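Residue strings, one per chain:
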Amino acid sequence: MADFETCMRNPAGTFGQPEDVINRTDFSKQQKLKILKQWRYDEYETEVADQENMGGDKPDKLGEINNLILQLEE
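Residues numbered from 1 in each chain as written. Predicted model: local features only at pLDDT ≥ 70, side-chain atom pairs only at ≥ 80, totals over all residues. Heavy atoms only, no water.

A. Spatial organisation of the overall build of the protein. Helix and strand counts for the protein come out as five helices and zero strands. Listed by position from the N terminus, the elements making up the protein come as α-α-α-α-α. A compact globule built from 74 residues should have a C-alpha radius of gyration of about 11 Å, and the protein, at 12 Å, falls within 12% of that. The principal-axis extent of the C-alpha atoms belonging to the protein is close to 40 × 25 × 15 Å. Per-residue burial for the protein yields a buried fraction of 30% across its 74 residues. A sequence separation of at least 24 residues applies to 52% of the contacts in the protein between residues at least 6 apart. Roughly 4,900 Å² of accessible area belongs to the protein as shown, and the carbon and sulfur atoms make up 46% of that amount. (Helix = DSSP H or I, 4+ residues; strand = E, 2+ residues; numbered from the N terminus. Rg over C-alpha atoms; globule rule 2.2 N^0.38 Å. Buried < 20%, exposed > 50% of the residue type's maximum accessible area, 1.4 Å probe, protein only. Contact = heavy atoms within 4.5 Å. Areas by Shrake-Rupley, 256 points an atom, 1.4 Å probe, with all protein chains shown as cover.)

Right, dumping it as C-alpha cells:
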C-alpha cells in the first residue's frame, strides 16, 4: 500500500475509486480529507483542461469526491 505522501501526489493514480480513500484504516480522518481535497483539486484542473480541449476522456468523479468530503466533515 502506498504511503500518505505518495497518495497526496497522485490520488487518482493510487486509488481506483474515491471511496477507497475512506476504506484505508491506516490514515486519520484529516489525512483522508487532505487526499480527497487534493483529488478534487486535480479533477477541477482536468475539467478546466477539458473545457479548453486539452484534456483526455476521464470519468467525472467530482460528485463522488464532494460527497465523501462532506461525510468526513460531519
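B. Main features of the nonpolar core. Formed by 13 residues in total, the largest nonpolar core has its most connected members in Phe 15, Val 21, Phe 27, Ile 35 and Leu 36. Elements that contribute at least two residues to this core include exactly α1 (4–9), α4 (29–51) and α5 (62–73). If sequence neighbours within four positions are ignored, Val 21 has contacts with Phe 15, Lys 32, Ile 35, Leu 36 and Trp 39. (Core = buried A, V, L, I, M, F, W, Y, C linked by side-chain atoms within 4.5 Å.)

C. Molecular detail of α4. With 23 residues, α4 should cover 33 Å at 1.5 Å per step; its first-to-last C-alpha distance of 33 Å lies within 8% of that length. Those residues of α4 lying buried are Lys 32, Leu 33, Ile 35, Leu 36, Trp 39, Glu 43, Thr 46 and Ala 49. For α4, the secondary structure elements touched by its buried residues are α1, α2 (11–14), α3 (19–22) and α5. Directly after α4, the chain includes Asn 53, whose backbone phi takes a positive value near 60°. (Expected span 1.5 Å × (residues − 1).)

D. Representation of the pattern of salt bridges within the structure. In the structure shown here, the tally under the stated rule is two salt bridges. For the salt bridge of Asp 26 with Arg 24, the shortest nitrogen-to-oxygen distance reads 2.7 Å. On the basis of relative accessible area, Asp 26 is assigned to the partly exposed category, the value being 45%. Taking relative accessible area as the criterion, Arg 24 reaches 7% and is therefore assigned buried. Two residues, Glu 73 and Lys 37, come together in a salt bridge whose shortest N-O distance is 3.1 Å. Note that Glu 73 is positioned in helix α5 and Lys 37 in helix α4, a separation of 36 residues in sequence. (Salt bridge = Lys/Arg side-chain N within 4 Å of Asp/Glu carboxyl O.)

Any functional reading would require information beyond the geometric quantities listed.
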